[in-house]
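# Summary of the model geometry
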Amino acid sequence: MSENSQDPGKSLERISQAEQQWRSKVVEPRVRKFGLEHSPTQFYTPAAEPDFDFLAKVGFPGQYPFTAGNSPFERWRAYAEMGAKMGVRPEPGGGGGAGRYSGYGTAEDYRDYHLRMQSLGASGGPNVAFDLVTQCGYDSDSPFARGEVGRTGVAIDSMRDFAVIYEAFTGARDIDKVASNFTINAPCAVILAMYVALADQRGIAREVLRGTPQNDILKEFIARGTYIFPPAPSMRLFRDTLVFCRRELPKLNVNSIGGYHIREAGATRVQDLAFSLANGAAYLQAGVDAGLDVDDFAPMFTFNAFGGSMEFYEEIAFQRAARRMWAHLLRERFGARNPRSMMIRQPITAHIGCTTTTAQRPINNLVRSVVGGMAGGMCGGLPAAYPPFDEPLGLGHSLEAIQLQMDATRILIFEAGVADVCDPWAGSYFMESLTDRIEAGAREELDKIDAMGGAVAAIDNGYMPRAIAQSAYERQQRIENQQDLVVGVNCFNGENEINVPVSRVVEKLYDPAQMASAEARQLAKLADLKRTRDAGAVARTLAVLGRQAEDERENLMPVLIECVKAEATVQEICDVLRGVFGQAEKQGF
């Protein structure tokens, strides 16, 4: 009788006994020989997964529980080879999507940036980075804004600014033909109102608008910090955008949940997964509580990305565990029936994360990004060598770094064939054990948050932000103590090491001199707006906003649209809401 036909229990027992003998006779003597505390490598056998059920735990790509991927192959894979042979230069947003994430200075600066990129072949819609002033609900003339206007993104004070950006998007690139992405959270409803108002001005039907607002306010409380109102009224605004979008903008994604930001703030892998799913569950519950069918809106949820690291195997297992956990959550807790409701939709799967890149010997970041691309291709996603190597060197990637990033991704696809096999690790004793271990850790953490009352409660009591702060501290300590080695930072940085220089062409529109003048130019525009607009119309719409904000049953999106059409500014709108909702206290640890 062959071993495969024996009783499974007896077979595993034999393997376990053989493994113990191997460890005592082969591994342990070698560990002692080199004076080590334990073996630096691991080996896995079927005993690591004694109850493995392939269909229940893995299944097939495109089928529940989606461990092996959302699809046998994605759209990009279907057309990649054709595009390569035709010499097509792929870029984010090709085919009517949103383009490369960008934004700085004034709306005029950002408009001109897009015009230049279009002259170089870009075809996607705007993927807008807003400055911190806008993200925090202030205008450029606020005392809080001094020195920050247009620095980390574009400054948007009013509907006039918003409309200027879209002067670069007309005709074949009008907003009914390209998607728009808005990376903003606390005042997201205000920016969405501007998007709708622009469509109304151009005579474009609301129901054809496409794109993705980030609209992920909970992660701001636990990771980034650009929140305005307390968690409960912030979730009311999320509910209002969700309900409004499903009724009036059915093609618009609802949000882009940001596990990436949680990990970049210092969370562990398990915390990243658990906290992201807890936030996602809170958003799902908000829709259900508003009377929506989960299968109507869950397919329009997206994830920006989960965080990443240089731990190659762990990042592959993480993505597999994340897909499986989200699918279980949707089907078991929320009763979803549509398979699309159960999919994690994200543009980037496994990657290294921007905080993994180093300013020291930055060309090494290209090697790091290739490692991330390999993990991405092996976990069911695009093998994207992300981010460009000059990520830690300042605002705006150089054209050289973008070229190297694209070429690295192309090499992984066309020369290495990394994306030719779906979930190549499926059934591996090691990978299935690692996937289960990450899922078990995240499940334990998620259960702890659920016992507190969910994500909002775990924010209110400070649990999640404190946990991330502690993990960030511990991570930095490991680097400083050389427990975690980073090449060129805390090791291999002696006098005989050299820094390999690479020329970088900084895009003209990111000229530091131009950025230095952005604040003065923006203040002049804002003063002109306040001098020339209809002040009476502004006051009337803001008064209505204040009254409706006091009534939890009111959906604020319609009145917000009227406010931005009357040219009320971002801060004027947010100040009215601050007066009703209160302002969240900044959390200290």
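Predicted, not measured: the structure shown is a model, and the values here were computed from it. (Residues numbered from 1 in each chain as written. Predicted model: local features only at pLDDT ≥ 70, side-chain atom pairs only at ≥ 80, totals over all residues. Heavy atoms only, no water.)

## A look at the pattern of salt bridges
Note the following rule: What counts as a salt bridge is simple: a side-chain nitrogen of Lys or Arg found within 4 Å of a carboxyl oxygen of Asp or Glu. By the criteria applied, helices consist of DSSP H or I runs no shorter than four residues and strands consist of E runs no shorter than two, each listed in order from the N terminus. Think of it in three bands: residues with accessible area under 20% of the maximum for their type are buried, residues over 50% are exposed, and the middle band is partly exposed, with areas taken using a 1.4 Å probe on protein chains only.
Under the criterion given, the structure shown has 41 salt bridges. A salt bridge links Arg202 to Asp174; its shortest N-O distance comes to 2.6 Å. Here the residue Arg202 occupies a position in helix H7 (residues 188-202), and Asp174 occupies one in the loop between helix H6 (159-165) and strand E3 (180-183), the gap between them amounting to 28 residues. By relative accessible area, which is 27% here, Arg202 ends up partly exposed. Between Asp484 and Arg478 there is a salt bridge, and its shortest N-O distance comes to 2.9 Å. For Arg478, a relative accessible area of 32% puts it in the partly exposed group. What emerges from the salt-bridge pattern is a single network uniting Glu49, Lys57, Arg324, Asp436 and Glu439.

## Overview of empty space enclosed by the protein
We count it as follows: Cavity: a set of points on a 1 Å grid over the protein atoms alone where a 1.4 Å probe fits but cannot get out. Pocket: an open set with protein on both sides within 12 Å along at least five of seven lines, its lining residues, like those of a cavity, having an atom within 4 Å of a point. Grid points are joined across faces, edges and corners, and a volume is the space filled by probe spheres set on the points. Gly is put with the polar residues, along with every residue not named as nonpolar or charged; the nonpolar set is Ala, Val, Leu, Ile, Met, Phe, Trp, Tyr, Cys and Pro, and the charged set is Asp, Glu, Lys and Arg.
Scanning the entire structure with this criterion turns up 2 cavities of 30 Å³ or more. Put simply, the largest cavity is a space of about 70 Å³. Where the lining of the largest cavity is concerned, the elements lending two or more residues are H7 and helix H9 (231-248). For the lining of the largest cavity, the element with the most residues is H9, which contributes 4 residues. Looking at the lining of the largest cavity residue by residue, the classes come out as 7 nonpolar, 4 polar and no charged.

## Quick word on the pairing of E3
A regular strand carries its side chains on alternate faces of the sheet. Here is the rule we go by: Any two strands are treated as partners once DSSP identifies two or more bridges connecting them. The path from the first strand over the helix to the second decides the hand: if it runs clockwise while the strands point away from the viewer, the crossover is right-handed.
The alternating pattern of E3 places Ser180 and Phe182 on one face and Asn181 and Thr183 on the opposite face, and all of these are buried. Relative to E3, strand E2 (residues 125-129) runs parallel, the two being bridged by 3 bridges. Its bridge partner lying in E3, Ala129 is registered against Thr183. For E3 and strand E4 (residues 211-213), the ladder comprises 3 bridges, and the chain directions are parallel. Following the sheet pairing, Ser180 is matched in E4 by Gly211. Of the crossover connections in this fold, the one passing from E3 over H7 to the parallel E4 is right-handed.

## Things to note about helix H13 (residues 312-333)
Selection rule: In this analysis, the expected span of each helix is defined as 1.5 Å times one less than the number of residues it contains.
The end-to-end C-alpha distance of H13 is 31 Å, a good match for the 32 Å that 22 residues give at a rise of 1.5 Å each. Counted residue by residue, H13 has 16 buried out of 22 residues, so it is predominantly covered. Trailing H13 by a residue or two, Gly335 shows a phi angle of about 70°, which is positive.

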